[in-house]
Amino acid sequence: MVNKESILTESEVWDILREVEDPEIPVLSVVDMGVIREVVLSDNRVKVSITPTYSGCPAMKTIEEDIREILNEQSFDAVEVVTVLAPAWTTDWMSEEGKEKLRVYGIAPPEYSTADKAKLMGIEKTVTCPRCKSKNTEMVSQFGSTACKALWKCKDCLEPFDYFKCI
Amino acid sequence: MQDSLYKYLLRLGDNSLILGQRLGEWCGHGPALEEDIALTNIALDLIGQSTQLLEYAGSLAPEKKSADELAFLRDAPEFLNVILVELPNEDYAFTIARQFIFSAYLDLLYLKLMSSKDIQLRAIAAKSSKELGYHYKHSRDWIVRLGDGTELSHDKIQHAINTIWTYSGELFEDDKIEVELTEKGIACLNSGLLAEWKVRVEDCFNEATLTIPEEQWMQTGGRTGKHSEHLGFILSDMQFLQRAYPGNEW
């Protein structure tokens, strides 16, 4: 087979992937989430490596199909999407832009890096209410509307809100 | 070696699969909305972990099998989970007592398996360990809240612990499979986790004003396919679709 040049550059592929939404948090792209680990181009074939946020995240299948679909619209000879487990996904990979989008959407973004030892000691940092910016908040439950979120409430504006928990 | 690893992965994968299925029964029946959501979220994590473990196991089987084939087309004696996870949910106290006993163990196990010499097992453990941290904390918080709560909640959780205790011993059993894989640096001995698990239990029960049951005879058998009658009922529910419509896809 003759080596032919890819129709798109790697950064163009990344730009296309920015259009793929997380099906459960549609304000975030899969790139914002840090779910895309690698894009490899060779001979006009593209291989995208993705990693699950949580082991049982039901969105992964949809994400995989959406990536395949959008890349199939390009003229690649082959599109491959593979799942990798290591290194395990962490909220540290979420882009700053992604965190800001979450806040505007009404979900409190992860407050600290997982390298922070406070988490190991079981100490939750203060989570800021995404609506009124108050720090006077409390956790209602470690588990929320999706695997990646906890349920919190604001004691000032009294609104409940989702918090994207750190893993 | 391949056969030992296959069976070891089935043991781990089946534990998570069956407990995930059990917890799923709480969907729509939780004592409070938050708990309904918590228990089903934990179920989802466990089923996800089990998918990865069974997928890996299936790739080592003499005739390659998918995670779905292993989950839906094996019969009860071929499942290698501990009896603890197949017990009926009973009341919320019983479910939480089991969840604490199991999560405190599995969290320790995954922390150890994160340094396994087997790359894939290490990756699954590292991923799962992050989730188990939350499961363990959730069940521990509830043991304390119920134990150190009202007289009624204290009695219910103590009764649940006393009833379930005889099923806790099987988690810490080893046979030639664990011994062989531990020698190769792939797995670790379950018995080696017991001391640390006991520290976790004592620490939690002290805070919860609960009493640790006395040393007693421990139930055994699930890990070699000898199950309680409850597993068959779970499987008839869980496997119904694939049994009725073989090969059907969602």
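Within each chain, residue numbers correspond to sequence positions counted from 1 in written order. Whichever chain is written first is A, and whichever ligand is written first is 1; the rest continue in order. Local features in a predicted model are, by the rule used here, given only for residues with pLDDT of at least 70; side-chain atom pairs are given and counted only at 80 or more, and totals for whole chains, interfaces and linings are based on all residues. To obtain the side-chain values, all non-hydrogen atoms of the structure were included, while hydrogens and water were left out.

A. Structural context of the overall build of chain B. Secondary structure elements follow DSSP: runs of H or I of four or more residues count as helices, runs of E of two or more count as strands, with numbering from the N terminus. Within chain B one finds ten helices and zero strands. Scanning chain B from its N terminus toward the C terminus, one meets helices and strands in the order α-α-α-α-α-α-α-α-α-α. All radius of gyration figures rest on C-alpha atoms, and the globule criterion is 2.2 Å times the number of residues raised to 0.38. For 250 residues, the compact-globule estimate of 2.2 N^0.38 gives 18 Å, and the C-alpha radius of gyration of chain B, at 18 Å, lies within 12% of that figure. Counting only C-alpha atoms and orienting by the principal axes, one finds that chain B spans roughly 55 × 45 × 30 Å. Classification of residues uses two cut-offs on accessible area relative to the type maximum, computed with a 1.4 Å probe and protein chains only: under 20% is buried, over 50% is exposed, and between them is partly exposed. Looking at chain B residue by residue over its 250 residues, the buried ones come to 55%. Pairs of residues are marked as contacts when any of their non-hydrogen atoms sit within 4.5 Å. Across chain B, the fraction of contacts at a sequence separation of at least 24, relative to all contacts at a separation of at least 6, is 80%.

B. Examining a negative patch on the surface more closely. Residues and elements named next belong to chain A. Residues Glu19, Glu65, Glu69 and Glu73 make up a contiguous surface patch of negative charge. Its place among the elements puts Glu69 in helix H3 (residues 59-72). In this structure Glu69 comes out as exposed when scored by relative accessible area, which is 53%. Like charges are joined within 9 Å and nonpolar side chains (Val, Leu, Ile, Met, Phe, Trp, Tyr) within 5 Å, but only among residues with over 30% relative accessible area and no salt bridge; these make up the patches. A 1.4 Å probe and the Shrake-Rupley method give the accessible areas. Residues count as covered only by the protein chains that appear here. Each reported salt bridge corresponds to a side-chain nitrogen of Lys or Arg within 4 Å of a carboxyl oxygen of Asp or Glu. A positive count includes Lys and Arg, and a negative count includes Asp and Glu. His and the chain ends are not counted in either. Charge placement uses NZ in Lys and CZ in Arg. For Asp and Glu, CG and CD serve respectively.

C. Just the pairing of strand S6 (residues 149-154) of chain A, in detail. All names here are of chain A. Any two strands with at least two DSSP-identified bridges between them are counted as paired. Note: strand S5 (residues 137-141) against S6, four bridges, orientation antiparallel. Paired with Glu138 across the strands is Lys153, a residue of S6. Relative to strand S7 (residues 160-164), S6 is paired through five bridges, and the arrangement is antiparallel. If you follow Lys153 over to S7, its bridge partner there is Pro160. What sits between the antiparallel neighbours S6 and S7 is a turn of five residues, in which Leu158 has the positive phi angle 65 degrees.

D. Spotlight on the side chain of B:Ser103. Residues and elements named next belong to chain B. The residue Ser103 is located in helix H4 (residues 92-113) in this model. Residue Ser103 is classed as buried on the basis of its relative accessible area of 1%. Once residues within four sequence positions are removed from consideration, Ser103 is found in contact with Leu132, His135, Tyr136 and Ser139.

E. Quick peek at a nonpolar patch on the surface. Residues and elements named next belong to chain B. Among the surface-exposed residues, Phe240, Leu241, Tyr245 and Trp250 lie close enough to one another that they form a single nonpolar patch of about 610 Å² accessible area. Tracing the chain through its elements places Trp250 in the segment after helix H10 (240-244). The class for Trp250 is exposed, based on a relative accessible area of 97%.

F. Spotlight on the sheet that holds strand S3 (residues 78-83) of chain A. Residue and element names in this part refer to chain A. What the three strands build is an open sheet, ordered S1-S2-S3; its pairing is mixed. At either margin of the open sheet sits one strand with a lone partner, and together these are strand S1 (36-42) and S3. For this sheet, the mean inter-axis angle between neighbouring strands, taken without regard to orientation, is 15 degrees. Bridge count for S1 against strand S2 (residues 45-50) is six bridges, and the pairing is antiparallel. Bridge pairing in S2 links Val39 to Val48. Where helix H1 (residues 10-17) meets the sheet, its contacts fall on S1 and S2, and the angle it forms with S1 comes to roughly 135 degrees. The axes used here are C-alpha line fits, helices contributing only the stretch in contact, and every angle between their N-to-C directions lies in the interval 0 to 180 degrees. Seen against the sheet, H3 touches S1, S2 and S3 and runs at an angle of roughly 160 degrees to S3.

G. Here's a closer look at the sheet that holds S6(A). Residues and elements named next belong to chain A. Across the sheet, which stays open at both edges, the four strands sit in the order S4-S7-S6-S5 with mixed pairing between neighbours. Two strands in the sheet have a free side with no partner beyond their single neighbour: strand S4 (107-108) and S5. Note that S4 and S7 share two bridges and pair parallel. By the bridge assignment for S7, Ala108 is matched with Tyr163.

H. Structural context of the state of the cysteines. Note on terminology: disulfide denotes any pair of cysteine sulfur atoms within 2.5 Å. Under the counting rule described, the total for this entry stands at zero disulfides over all chains. No disulfide involves B:Cys27; its nearest neighbouring cysteine sulfur is the one of A:Cys57, lying 17 Å away.

I. Layout of the pattern of salt bridges. All names here are of chain B. Under the definition given, this model contains 21 salt bridges over all chains. Measuring nitrogen to oxygen at the nearest pair gives 3.0 Å for the salt bridge that ties Arg140 to Glu207. Of this pair, Arg140 sits in helix H5 (residues 119-147) while Glu207 sits in helix H8 (residues 194-207), and the two are 67 residues apart along the sequence. In this structure, Glu173 engages Arg223 in a salt bridge whose closest nitrogen and oxygen atoms are separated by 3.6 Å. With a gap of 50 residues between them, Glu173 in the loop between helix H6 (151-164) and helix H7 (176-183) and Arg223 in the loop between H8 and helix H9 (230-238) connect regions that are remote in the sequence. With relative accessibility at 24%, the residue Glu173 sits in the partly exposed group.

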